[in-house]
Amino acid sequence: MATVALVSRPASVLPRISSGCSPAVFSAAAVTTVQQRKLHHAVIPRGKGGRSSSSGIAATVFGATGFLGRYVVNRLGRMGSQIVVPHRCDQYDVMYLRPMGDLGQIIFMEWDARNKDSIKQALEHSNVVINLVGREWETRNYRFEDVFVSIPQQIAKAAREAGITKFVHMSHLNADIRSPSKYLRNKAVGETAVRDEFPDAIIMKPSEIYGREDRFFNYYANMRWFGNAIPLISNGKKTVKQPVYVVDVAKAIINAVRDPDANGKTYALVGPNRYLLHDLVEYIYAVAHRPFVPYPLPRPFYHLAAQMFSMNPFEPWTTPDKVERFHATDLKYPGLPGLEDLGITPSTVEQKAIEILRRHRRFRFLEADLDETKPAKTVNY
């Protein structure tokens, strides 16, 4: 009985009461205290659900400061998970993540992507690891091989060695070693590397993701800055896209983490409809109430123009590789599970486009009814 009372007291009280206890009792209390520390309270589910409860998930989210990362962190935080956010940016660039979880539930730490000890330190107290590290353009310090192959491979290896059972890796629907896009080729190599290091990894293969902060819908909507005409290879009539909503992808990641049968599976995350790129961009401009004047631009000239933009020492607006990726037809994977298998009904472009494109409208069309816009044509191939 004395042992139970002793363990329940704060550690600062132990020195004062130790003189009144026998050495055997004090020794037993000390051993019991050390054993209790091995099971962290963050991984014990409790409460009725919500941000002030505990979901039992302690997740390290690599790449949480990116477009998709903020939605994943938000979903984890609102269900009461403890989240470790490794980052390489300034502290002011992660401020928007702080209110997404309860007090003390989101932990920020600086990390070096090339330092193995830094990776191990970031995930040593977690039971879930999510890799969302990505970059749309190469830099002098980080090539696509580093971002999509080497870093995910090191994270997967560290997660396996730490005994973590849930590892989620973000790939791409069109990842293919034969793709003309270097981005997509390295995504395919990264999938294989992660699967070799962590056989039970959950691999997500989303199509192009759209949302408020995306670089897909906003990319085409911002083309109006360079003139009224919108350049498209083959006028966009030979490219089929099946974009997916960012919230649906975030939900898929969380549901896969909570699903015990998801380990080792690969999911193809796509929207419910397929569109010709021409029709999709036309719909973007219709929702924004902007004139749409497409013109076919030969691939070599498009690459030349993109090469000029890629010389920007900061964030290039486009690159030749991005041109190839956006003009690649989305592949079909009928044999892979998708959003429906994770209990998610995918959102349509017509439902969510207004959230992204309202800011591209002129003031007089700001509150225009969406019913005035004709839905985009869908295709089945």
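What counts as what
Residues numbered from 1 in each chain as written. Predicted model: local features only at pLDDT ≥ 70, side-chain atom pairs only at ≥ 80, totals over all residues. Heavy atoms only, no water. Helix = DSSP H or I, 4+ residues; strand = E, 2+ residues; numbered from the N terminus. Buried < 20%, exposed > 50% of the residue type's maximum accessible area, 1.4 Å probe, protein only. Areas by Shrake-Rupley, 256 points an atom, 1.4 Å probe, with all protein chains shown as cover. Pairing = 2+ DSSP bridges. Axes fitted to C-alpha atoms, helices over the stretch in contact; angles between N-to-C directions. Contact = heavy atoms within 4.5 Å. Salt bridge = Lys/Arg side-chain N within 4 Å of Asp/Glu carboxyl O. Core = buried A, V, L, I, M, F, W, Y, C linked by side-chain atoms within 4.5 Å. Parallel < 35°, antiparallel > 145°, perpendicular 65-115°, else oblique. Left-handed = near helix turned anticlockwise from the far one by under 90°. Polar contact = N/O pair within 3.5 Å; in protein donor to acceptor, adjacent residues only side chain to side chain. Phe/Tyr/Trp six-rings, centres within 6.5 Å; stacked < 30°, edge-to-face > 60°. Lys NZ or Arg CZ within 6 Å of the ring centre and 35° of its normal.

Moving on, we get to the overall build of the chain. Counting secondary structure elements, the chain contains 13 helices and 13 strands. Of all 381 residues assigned to the chain, the portion counted as buried reaches 50%. Within the structure as shown, the chain displays about 19,000 Å² of accessible surface, and the carbon and sulfur contribution to it stands at 53%.

Quick look at helix H4 (residues 67-78) now. Inspection of H4 places Phe 67, Leu 68, Gly 69, Tyr 71, Val 72, Val 73, Leu 76 and Gly 77 among the buried residues, and these make up the whole buried set. Within two residues after H4, Gly 80 carries a phi angle of roughly 85 degrees, on the positive side.

Another point: the sheet that holds strand S2 (residues 82-87). Taken together, the seven strands give an open sheet; going across it, the order is S3-S2-S1-S4-S5-S6-S11, and neighbouring strands pair in parallel fashion. In this open sheet, the two edge strands, each paired with only one partner strand, are strand S3 (106-110) and strand S11 (266-269). Each strand of the sheet is rotated relative to its neighbour by a mean of 20 degrees, with strand direction disregarded. Of the strand pairs in this sheet, strand S1 (residues 58-62) and strand S4 (residues 128-131) are connected by four bridges, and their pairing is parallel. Along S4, the bridge assignment pairs Val 61 with Ile 130. Contacts between helix H6 (residues 144-161) and the sheet are confined to S1, S4 and strand S5 (166-170), with S5 contributing the most and set at about 175 degrees to the helix. In the packing of helix H9 (residues 246-258) onto the sheet, the strands contacted are S4, S5, strand S6 (202-206) and S11, and the crossing angle to S5 comes to about 155 degrees.

Of the two faces of S11, both are covered, the one formed by Thr 266 and Ala 268 as well as the one formed by Tyr 267 and Leu 269. As judged from the four bridges shared by S6 and S11, these two strands associate in the parallel manner. Bridge assignment links Pro 206 to a residue of S11, and that residue is Leu 269.

Attention now moves to the pattern of salt bridges. Opposite charge on two side chains lets them pair, provided their charged atoms get close. Counted by the stated rule, this structure contains 17 salt bridges. Glu 138 serves as the salt-bridge partner of Arg 143, at 3.5 Å between the closest nitrogen and oxygen. Of the charged contacts in the structure, one is a salt bridge between Glu 324 and Arg 299, with a shortest N-O distance of 3.0 Å. Note that Glu 324 is positioned in helix H12 (residues 320-326) and Arg 299 in helix H11 (residues 299-310), a separation of 25 residues in sequence. The class for Arg 299 is partly exposed, based on a relative accessible area of 35%.

Judged by nonpolar contacts, the single largest core of 73 residues is most densely connected at Ile 130, Met 204, Phe 217, Tyr 220 and Ile 253. Per-element accounting of this core gives the leading share, nine residues, to H9. Setting aside chain neighbours within four positions, we find Ile 253 in contact with Leu 68, Val 72, Ile 130, Leu 132, Val 168, Met 170 and Met 204. Among the nonpolar cores identified, the runner-up in size contains 26 residues, and Met 109, Ala 156, Tyr 183 and Ala 201 belong to it.

Packing of helix H10 (residues 277-287) against helix H13 (residues 349-357) brings their axes to within 10 Å, and their N-to-C directions diverge by 55 degrees. With respect to each other, H10 and H13 are oriented oblique. The way H10 lies across H13 gives a crossing that is right-handed. Of the residues in H13, those in contact with Leu 280, Tyr 283, Ile 284 and Val 287 of H10 are Val 349, Glu 350, Ala 353, Ile 354 and Leu 357.

Here Glu 138 is to be found in the loop between S4 and H6. Residues Glu 138 and Ser 310, 172 residues apart in the sequence, show an inter-C-alpha distance of 9.4 Å. Non-local contacts of Glu 138, meaning those with residues more than four positions away in its chain, are made with Arg 143, Phe 144, Glu 145 and Lys 182. There is a polar contact of 3.0 Å between the side chain of Glu 138 and the backbone nitrogen of Phe 144. Within the structure, Glu 138 has its side chain in polar contact with the side chain of Lys 182 (distance 3.0 Å).

Moving on to the packing of aromatic side chains. Think of a pair of aromatic rings as described by two things: how far the centres are apart, and how the planes are tilted against each other in angle. By the definition in use, this model includes 19 aromatic pairs. On the numbers, 5.7 Å between centres and 35 degrees between planes, the contact of Tyr 285 with Phe 292 is tilted. Take Tyr 285 and Phe 292: they sit in the same class, and that class is buried. An aromatic cluster of at least three residues, connected via ring pairs, comprises Tyr 210, Phe 216, Phe 217, Tyr 219, Tyr 220, Phe 226, Tyr 245, Phe 309, Trp 317 and Phe 326. Across the ring face of Tyr 142, the terminal group of Arg 114 is positioned such that the distance to the ring centre comes to 4.3 Å. The ring of Trp 137 carries the charged tip of Arg 135 above its face, separated from the ring centre by 4.9 Å.

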